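Structure at a glance
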Amino acid sequence: MKKSFILLFICFSFQIGTSQKIYFEKSNYKDSLTLSKSMPLLAKKALPLYKNPSRASYLDYYARMQSVAGDFKGMHETFVTYSQEILGDSIANKPLGFIYKTYAKTALKEPKTKSDFEKVFTTEFYKLYNTFNAEGKSWAEGYYELKLSDVKNDFEEQLKAVQDNDSISVENAAQLCRQYSRYFILSKTLSIANKIIAKIEADTYVIDRDIIITLPNGNTISATMVRLKNVTEPQPVVMKYTIYAGNEVSDCKEIANMGYVGFVANTRGKHLSNDPIEPYEHDGDDAYHILDWVSKQSWCNGKIGLYGGSYLGFSQWSAVKKVHPALKTIVPLVSVGAGIDFPMQNGIFMSYTLKWIHLVANTKLTDLNSFLNSKKWDEVFTQYYKTGASFRSLDKIEGNSSPLFQRWLEHPVYDSYWQNMTPQKEAFANINIPILSTTGYYDDDQLGAMYYYN
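Definitions and cut-offs
Residues numbered from 1 in each chain as written. Predicted model: local features only at pLDDT ≥ 70, side-chain atom pairs only at ≥ 80, totals over all residues. Heavy atoms only, no water. Buried < 20%, exposed > 50% of the residue type's maximum accessible area, 1.4 Å probe, protein only. Helix = DSSP H or I, 4+ residues; strand = E, 2+ residues; numbered from the N terminus. Pairing = 2+ DSSP bridges. Right-handed = clockwise from strand over helix to strand, strands pointing away. Axes fitted to C-alpha atoms, helices over the stretch in contact; angles between N-to-C directions. Contact = heavy atoms within 4.5 Å. Polar contact = N/O pair within 3.5 Å; in protein donor to acceptor, adjacent residues only side chain to side chain. Parallel < 35°, antiparallel > 145°, perpendicular 65-115°, else oblique. Nonpolar A, V, L, I, M, F, W, Y, C, P; charged D, E, K, R; others polar. Phe/Tyr/Trp six-rings, centres within 6.5 Å; stacked < 30°, edge-to-face > 60°. Lys NZ or Arg CZ within 6 Å of the ring centre and 35° of its normal. Salt bridge = Lys/Arg side-chain N within 4 Å of Asp/Glu carboxyl O. Disulfide = S-S within 2.5 Å. Left-handed = near helix turned anticlockwise from the far one by under 90°. pLDDT = per-residue confidence, 0-100. Lys, Arg positive; Asp, Glu negative; His and termini not counted. Core = buried A, V, L, I, M, F, W, Y, C linked by side-chain atoms within 4.5 Å.

A few words now on the pairing of strand β5 (residues 235-242). Taken across its eight residues, β5 has seven buried, putting it largely inside the fold. Of the strand pairs in this sheet, β5 and strand β7 (residues 300-310) are connected by four bridges, and their pairing is parallel. Bridge pairing in β7 places methionine 239 opposite leucine 306. Inspection of the sheet shows β5 paired to strand β6 (residues 261-266) by six bridges, in the parallel sense. Opposite lysine 240, over in β6, you have valine 264 as the bridge partner. For the crossover from β5 across helix α10 (residues 248-256) to β6, the handedness is right-handed.

With that settled, consider the sheet that holds strand β4 (residues 220-228). Ordered in space as β3-β4-β6-β5-β7-β8, the six strands form an open sheet in which the pairing is mixed. Looking at strand neighbours, the two that pair on one side only are β3 (205-214) and β8 (327-335), the edges of this open sheet. Mean inter-strand twist for the sheet, computed between neighbouring axes without regard to direction, equals 20 degrees. Taken strand by strand, α10 contacts β3, β4, β5, β6 and β7, and its axis lies near 40 degrees from that of β4. Set on the sheet, helix α11 (residues 283-295) makes contact with β3, β4, β5, β6, β7 and β8; between it and β5 the angle comes to about 155 degrees.

Time to look at the side chain of arginine 268. Topologically, arginine 268 is positioned in the loop between β6 and α11. Judged by relative accessible area, which is 10%, arginine 268 ranks as buried. Side-chain polar atoms of arginine 268 contact the side chain of asparagine 219, separated by 3.1 Å. Excluding anything up to four places from it in sequence, arginine 268 contacts Leu215, Asn217, Asn219, Thr220, Ile221, Ser273, Asp275, Pro276, Ile277, His282 and Asp286.

Here the focus is the packing of helix α7 (residues 134-142) against α10. Two elements in contact, α7 and α10, have axes separated by 9 Å at closest approach and are oriented at 170 degrees. Considering their axes alone, α7 and α10 lie roughly antiparallel with respect to each other. Across from Glu135, Ser138, Glu141 and Gly142 in α7, the residues of α10 making contact are Ser250, Lys253 and Glu254. By residue class, the composition of the contact of α7 with α10 is no nonpolar, three polar and four charged.

Bridge count between β7 and β8: seven bridges; the pairing is parallel. Within the sheet, the bridge partner assigned to glycine 309 lies in β8 and is leucine 333.

Enumeration according to the criterion identifies 47 aromatic pairs in this entry. Judged by centre distance (5.5 Å) and plane angle (65 degrees), the ring pair of tyrosine 451 and tyrosine 452 falls under edge-to-face. Given the relative accessible area of 27%, tyrosine 451 is considered partly exposed. Taking the relative accessible area as the measure of exposure, tyrosine 452 reaches 4% and is therefore buried. Here the basic side chain of arginine 178 rests over the ring of tyrosine 61, its NZ or CZ set 4.5 Å away from the ring centre. The ring centre of phenylalanine 371 lies 4.8 Å from the NZ or CZ of lysine 355, which sits over that ring.

So, about the pattern of salt bridges. When the charged atoms of two side chains with opposite charge come close together, those side chains can pair. A complete count under the given rule lists 21 salt bridges for this structure. For arginine 209, the salt bridge is made with glutamate 201, and the minimal N-O distance between the two is 3.0 Å. Under the relative-accessibility criterion, arginine 209 is labelled partly exposed at 39%. When salt bridges with common partners are traced through the structure, they connect Glu141, Glu201, Arg209 and Lys253 into a single cluster.

Here we come to the environment of tyrosine 143. Within the secondary structure, tyrosine 143 is located in the loop between α7 and α8 (148-160). Exposure remark for tyrosine 143: the relative accessible area of 19% places this residue in the buried category. Expressed as a C-alpha distance, the spacing of tyrosine 143 and phenylalanine 98, which sit 45 residues apart in the sequence, is 7.6 Å.

With that settled, consider the state of the cysteines. Counted by the stated rule, this structure contains zero disulfides. Note on cysteine 300: no disulfide assigned, nearest cysteine sulfur contributed by cysteine 252 at a separation of 13 Å. On the accessibility criterion, cysteine 300 (7% relative accessible area) is buried.

Take the packing of helix α2 (residues 32-46) against helix α3 (residues 55-69) next. For any two helices packed against each other, the geometry is given by the interaxial angle and the distance between the axes. One can describe the packing of α2 onto α3 by two numbers: an axis separation of 7 Å at closest approach and a directional angle of 135 degrees. It follows that α2 is oblique to α3 by the angle criterion. In the packing of α2 onto α3, the handedness of the crossing is left-handed. Contacts from Met39, Pro40, Ala43, Lys44 and Ala46 of α2 reach α3 at Met65, Val68 and Ala69.

Attention now moves to the confidence of the model for the protein chain. The share of residues in the protein chain with pLDDT of 70 or more is 95%, and the mean pLDDT across the chain is 92. Note on residues 1-18: pLDDT under 50 across the span, and 48 contacts to partners over four residues away in sequence or across chains.

Let us now look at the side chain of aspartate 443. Its location among the elements puts aspartate 443 in the loop between α19 (426-429) and α20 (446-453). Within the buried set, aspartate 443 has no salt-bridge partner at all; the shortest N-O distance to an opposite charge, 16 Å, is to lysine 240. One polar contact links the side chain of aspartate 443 to the main-chain amide nitrogen of aspartate 445, over a distance of 2.6 Å. Not counting residues up to four positions away in its chain, the partners in contact with aspartate 443 are Val334 and Ala449.

Right, let's get into the nonpolar core. By size, the foremost hydrophobic cluster in this structure holds 57 residues, and its most contacted members are Val237, Met239, Phe263, Tyr280, Trp356 and Trp408. Those residues in contact with tryptophan 356, other than ones at most four positions away along the chain, are Ile243, Tyr244, Pro279, Tyr280, Tyr311, Phe342, Phe371 and Trp408. Counting residues in each nonpolar core, the second largest holds 32 residues, with Phe98, Tyr100, Trp139 and Ala193 among its members.

The following block contains the structure:
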């Protein structure tokens, strides 16, 4: 499984088992200078009190707090433990925490000027970066695929939730330290890192981040392509077809480094597409035209393979409603069965559905802030349960009317609405390519994966 997905899953499991309070005067938040002096003090107070039933989340958050506290040696050791205990292979997972490690090594050298900082940081960046294999390098570069304004907004949202009080829970202190550490470090290093990565990319790859594919009906698809610069002949294309926008270049680089052309197509409405975001509905109909466009590009040798898991498993099955001649295989992992195992099973909808809609439909990228706000969602689901309100009112309880949520509720069985999204009857018989489908006992999309298999 790709490391970014592992980290994403670990983030999703975040829960803290304490509501203990820390005295922290609201005057500590009054301006950026005061905050820069007070945050290390908060981190030092929170560290010995912090608890978490999830070992992965504990190590993840603990390392960020150590970073804020200035304990860079301890932070490095925590990341090593995290990698060894949670991800299994400490060598393959050396890029874990790259932005924190490179900043820490730079800060420990105590550069005196901005120019000195950039020189030291550049040296430390390459020193660590060059110890990675191709996949590790792609992972490290992916850490910097962010807008500083978005990172700042994340921090300010967290700050807004606590700054009017003279005390803060350990949970909120951990969250605040996490957002602060990311914002503080990237504010110092993002522009420098992007210059370094731009040079690496210019020397290594041909990258097109701004592809727009116009469909016959006038709708658009946003896409990204990466290929190795030293390869001039057309190559097979390995492609993701995804609703989870925001990590396209690093995904493509990973594939390019294996000797293929890396290509990511975002589903309609995502990233640079200005169409409405309507998960599942159009993917099957759009896929044929996307594959047709890719197959006709000078860098494609006429052979395309699709891969990916969960929603991306679904999108691959949707792509074989009508098999394009250039599509040579699909490799779906834990495939969502739209209308079968999500957003409902046996006519029973799950409350997670609304949370997921916010994840993919709030923005053109992926709204992790809403998704990871466990406090908010716990309150929404608790209110729904305690009031005995109808499930249909869940979006109103949450405070944002969701047409998507309401539309899905109109189709509680596997009717033509859902059936139109994937192959049916004769369409399955017309699939003439090899398929590797993966599921397992603990797969929450096992019903979908087995439906397609059967």
